Amino acid sequence: MTSVAVGHEELHAGPGQSPRGWRRLLAPGWLRVPWMTALFFGIGLGITLLIRWVEGWPPLWDWQVITTVELAAVPFGFLAGLGGFDYWAGYAIGSPTRPDDHSGHGAYSWRDYFRVNTDHKVIGIQYLTTTIFFFVAAGLMAMIMRAELARPGMQFVGNQVFNELFSVHAALMIFLFIIPAFAGLGNFVIPLMIGAPDMAFPRLNALSFWLLPVAGLMMLSSFLVPGFGCGWTGYAPLCSTHQELGAVFFNMGVQWAGASSIMTALNFLVTIITMRAPGMTFWRLPLLVWANFTTSLLVVIATPFIAGSQFMTMFDHIMHTNFFNYEAGGYVLGYQHIFWFYSHPAVYIMMLPGFGIVSEVISTFARKPIFGYRLMALSLMAILVLGFSVWAHHMFVSGMAPWLRVPMMVTSVVIAVPTGIKVFSWLATLWEGKLNFSTPMLFALGFVSMFVIGGLSGIYLAAVPIDIHVSDTYFVVAHIHYVLFGGSLFTIFAGIYYWFPKMTGRMYNEKLGKLHFWLTFIGFNATFFPMHYLGIQGMPRRVSDYAPRFADLNFFISIASFFLGASTLVFLYNMIVSWVRGEPAPANPWRANTIEWQVSSPPPIFNFDEVPQVVGGPYEYGVPGARHAVFNGDRVVEEEEVKA
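Just so you know, these numbers come straight off a predicted model, no measurement behind them.

### Considerations on the overall build of the protein
Here's step 1: Across its full length, the protein holds 20 helices and four strands.
Here's step 2: What you see for the protein is a C-alpha radius of gyration of 25 Å, in line with the 26 Å of a compact globule of 644 residues.
Here's step 3: Along the three orthogonal principal directions, the C-alpha set of the protein runs to about 75 × 70 × 55 Å.
Here's step 4: Within the protein, the fraction of its 644 residues that count as buried is 56%.
Here's step 5: When contacts within the protein are restricted to residue pairs at least 6 apart in sequence, long-range pairs at least 24 apart make up 77% of them.
Here's step 6: Put simply, the protein has 32 plus and 33 minus side-chain charges, and the middle of one group is 7 Å from the middle of the other.

Below, the structure is given as structure tokens:
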């Protein structure tokens, strides 16, 4: 079967078919990528030179301007060559409407993971494998930094290279690992959980993934030019006027990653609202779906703010505007307000999906219904609202208006209430449960303990006098890693292990999974807990050298960090070997209730041979006769509640 016809020349081929001769260069795919990328490079260069020549702007060959334009043009050429725009391009040029034969849907071989694919399950795996690559790259940067910090003095890298390492490390971990890794898990699981055959916009879903490698490679490429070394926050005016060209690579990388996030969030919202199976009311949604729903609202509302901030700093850098140039009337603190108005809600973008994953895992492995299900869902919505009211607690020492400190301190403490509801609900769910300490459960429990520590240190940082004392010290480094590593990463690992059998049709090695957990748990605490003490004692963060009195503890932290890095090797080995030759997985190895476990492992191409009907809640473990969903043979007619 073929999917696209241009005149009488068929350019797309179905599974097992390939175009012949010169048509292969015109068909979407990796053969079309080189010449389309070169074409768009030439178009970008030509337009830039033409405009500068017409306007008389010297010099004609301004490499900063040309590079900035090409950071937009070249990715568009790559995406066009791969086939990311083919379907929409047909409509744009007036081609006749054609039926979709789904030849670009599903994975029939490993090659299908390296093309534009509209199957949400394939896209979910593409997301996860790509984000793990960037996780490893960012982790290697952390290893280099800790090697440098093992002793006072300069050992391996200079100050500027150290600045570039921690800047790109943080940017990759946040924008290219944590946020998209949750999007990958959600992509695979959410349609299955709600009984949908796919995401609402499959082609937009595919495009949103392919923006990610573009963003990540752009950030890594900053090392090839005078680098990006002003911190992942990109503060103005340091990044807007005083940094080298590498800062523009960061600005553009954030734009591509942000566009991917917005596309994915819109897709989740429309899918969850419009494509739920019959009987799937909002109060029957699994908590992971609730978590992705609230996260998607956060992304859609907040991400345009960081996009705006990065555009303005880039314009200050390249076009010599003065948004944040104080000497020309710019508002320097305005950057921080705009940036943190996104970036504090972004903390919850990086946490809420993890809350949903942990709820699924704890309920399944404790064999108990989630305690306070409705309050758990409502607390997610409360975090969504309150998350936009706390951004300035990152700015207590910035010189902002003093009157703003106290209300921001109050809201920063109040937001701990809905978070505390979730922690106590998980503990109550565990209470007197029949606990199964498999690897997903270990990571879920590790998350709860680590997140509580990170939350408690966050309350300290929300208090103005303590924050003033420890601002820009290693106390902040410890806090953010307990929240994002001990919080987000532990839940990502829990989700990967939990749904690995469903994704691959194979079981992972349980002994290696537990070894990975204990190496990670011990290595993580040994690495980051001592940083609280270093920060209280006054060791500044983001420095490549330090006072000799901090030497012993830093040496211990560096040794522990390499121990932590080694744990990732166990994870990678387990995942790769298990995927290739692991034991075949049954449809429901965990005896879970949610719908994704009621189909084969891996699921059919379009998820369900029969449309499921939802007849109960997702966590009714131990309730006699309770079922979450039934299929055609077991359909029931639910009685409607009639109000008197």
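So that's the structure; there's more coming.
### What about the packing of aromatic side chains?
Here's step 1: By the definition in use, this model includes 66 aromatic pairs.
Here's step 2: Between Tyr498 and Trp590, the ring centres sit 6.4 Å apart and the planes meet at 10°, which makes this aromatic pair stacked. One end of the pair, Tyr498, is in helix H18 (residues 474–504); the other, Trp590, is in the loop between helix H20 (551–581) and strand E3 (613–614), with 92 residues separating them in the sequence.
Here's step 3: Taking relative accessible area as the criterion, Tyr498 reaches 0% and is therefore assigned buried.
Here's step 4: On the basis of relative accessibility, which here comes to 9%, the residue Trp590 falls in the buried class.
Here's step 5: The aromatic ring of Phe555 is capped on one face by Arg151, whose charged end is 4.4 Å from the ring centroid.

### Overview of the side chain of Thr37
Here's step 1: Mapping Thr37 onto the fold places it in helix H2 (residues 33–55).
Here's step 2: The class for Thr37 is buried, based on a relative accessible area of 18%.

### As for the pattern of salt bridges
Here's step 1: With the rule as written, the count across this model stands at five salt bridges.
Here's step 2: Of the charged contacts, one joins Asp62 and Arg52 as a salt bridge, the two residues approaching to 3.8 Å between their closest N and O atoms. On the criterion of sequence distance, the pair formed by Asp62 in the loop between H2 and helix H3 (63–82) and Arg52 in helix H2 is long-range, its members being ten residues apart. In this pair, the class of Asp62 matches that of Arg52, namely buried.

### What to know about a nonpolar patch on the surface
Here's step 1: A surface patch of nonpolar side chains, amounting to about 950 Å² of accessible area, comprises Trp22, Leu25, Leu26, Leu31, Trp35, Leu39, Ile43, Ile47, Ile51 and Trp57.
Here's step 2: Elements with a contribution of two residues or more to the nonpolar patch: helix H1 (23–26) and H2.
Here's step 3: Relative to the helices and strands, Trp35 is located in helix H2.

### Looking at the state of the cysteines
Here's step 1: According to the stated counting rule, one finds one disulfide in the structure shown.
Here's step 2: Each sulfur of the disulfide joining Cys230 and Cys239 lies 1.5 Å from the other.
Here's step 3: Relative accessible area serves as the criterion here: at 7%, Cys230 is assigned to the buried category.
Here's step 4: Taking the relative accessible area as the measure of exposure, Cys239 reaches 1% and is therefore buried.

### Looking at the side chain of Ser222
Here's step 1: Tracing the backbone shows Ser222 in the loop between helix H7 (202–221) and helix H8 (238–241).
Here's step 2: In this view, Ser222 contacts Val168, Gly227, Phe228, Gly246 and Phe249; residues no more than four positions away in its chain are not counted.

### Here's the deal with the environment of Thr527
Here's step 1: With respect to the helices and strands, the residue Thr527 is situated in helix H19 (residues 510–536).
Here's step 2: Residues Thr527 and Leu564, 37 residues apart in the sequence, show an inter-C-alpha distance of 7.8 Å.
Here's step 3: Excluding residues within four positions of it along the chain, Thr527 makes contact with Ile557, Ala560, Ser561 and Leu564.

### Brief notes about the environment of Val69
Here's step 1: Positionally, Val69 belongs in helix H3.
Here's step 2: Classification of Val69 as partly exposed rests on a relative accessible area of 30%.
Here's step 3: If near-sequence neighbours (up to four positions away) are discounted, Val69 is found in contact with Gly44 and Thr48.

### Some details on the packing of helix H15 (residues 416–430) against helix H16 (residues 439–462)
Here's step 1: Contact geometry of H15 with H16 gives a least axis separation of 12 Å together with a crossing angle of 150°. When the interaxial angle is binned, H15 and H16 end up roughly antiparallel. Like other packed secondary-structure pairs, H15 and H16 cross with a definite hand, here left-handed. Along the contact surface, H15 presents Ala416, Thr419, Val423, Trp426 and Leu430, while H16 presents Met441, Leu445, Phe447, Val448, Phe451, Val452 and Ile459.
Here's step 2: Grouping the constituent residues of the contact of H15 with H16 by class yields eleven nonpolar, one polar and no charged.

### Describing the environment of Tyr348
Here's step 1: Within the fold, Tyr348 resides in helix H11 (residues 332–349).
Here's step 2: Sequence spacing of Tyr348 and Gly387 is 39 residues, and the spatial spacing of their C-alpha atoms is 7.3 Å.
Here's step 3: Those residues in contact with Tyr348, other than ones at most four positions away along the chain, are Leu298, Pro353, Ile383, Gly387 and Ile415.

### Remarks on H19
Here's step 1: The terminal C-alpha atoms of H19, which comprises 27 residues, lie 40 Å apart, in line with the 39 Å expected from a rise of 1.5 Å per residue.
Here's step 2: A side-chain oxygen of the first residue of H19 lies 3.0 Å from the backbone nitrogen of Lys511; this N-cap is Asn509.
Here's step 3: In the segment just after H19, Gly538 is the residue with positive phi, at about 105°.

### A closer look at unusual backbone geometry
Here's step 1: Omega for the peptide link from Pro58 to Pro59 comes to -10°, which places this bond in the cis form.
Here's step 2: Here Pro59 is to be found in the loop between H2 and H3.
Here's step 3: Between Ala236 and Pro237 the backbone carries a cis peptide bond, its omega angle lying at 0°.
Here's step 4: By the element assignment, Pro237 lies in the loop between H7 and H8.
Here's step 5: Of note, Asp472 is a non-glycine position whose phi angle comes to about 60°, a positive value.
Here's step 6: With respect to the element layout, Asp472 can be found in the loop between helix H17 (464–470) and H18.
Here's step 7: Its relative accessible area of 42% is what places Asp472 among the partly exposed residues.
Here's step 8: Phi is positive for Arg591, which is not a glycine, with a value near 55°.

What counts, and at which threshold
- Residues numbered from 1 in each chain as written.
- Predicted model: local features only at pLDDT ≥ 70, side-chain atom pairs only at ≥ 80, totals over all residues.
- Heavy atoms only, no water.
- Helix = DSSP H or I, 4+ residues; strand = E, 2+ residues; numbered from the N terminus.
- Rg over C-alpha atoms; globule rule 2.2 N^0.38 Å.
- Buried < 20%, exposed > 50% of the residue type's maximum accessible area, 1.4 Å probe, protein only.
- Contact = heavy atoms within 4.5 Å.
- Lys, Arg positive; Asp, Glu negative; His and termini not counted.
- Charge placed at Lys NZ, Arg CZ, Asp CG, Glu CD.
- Phe/Tyr/Trp six-rings, centres within 6.5 Å; stacked < 30°, edge-to-face > 60°.
- Lys NZ or Arg CZ within 6 Å of the ring centre and 35° of its normal.
- Salt bridge = Lys/Arg side-chain N within 4 Å of Asp/Glu carboxyl O.
- Patch = residues over 30% accessible without salt bridge, like charges linked within 9 Å, V, L, I, M, F, W, Y side chains within 5 Å.
- Areas by Shrake-Rupley, 256 points an atom, 1.4 Å probe, with all protein chains shown as cover.
- Disulfide = S-S within 2.5 Å.
- Axes fitted to C-alpha atoms, helices over the stretch in contact; angles between N-to-C directions.
- Parallel < 35°, antiparallel > 145°, perpendicular 65-115°, else oblique.
- Left-handed = near helix turned anticlockwise from the far one by under 90°.
- Nonpolar A, V, L, I, M, F, W, Y, C, P; charged D, E, K, R; others polar.
- Expected span 1.5 Å × (residues − 1).
- Polar contact = N/O pair within 3.5 Å; in protein donor to acceptor, adjacent residues only side chain to side chain.

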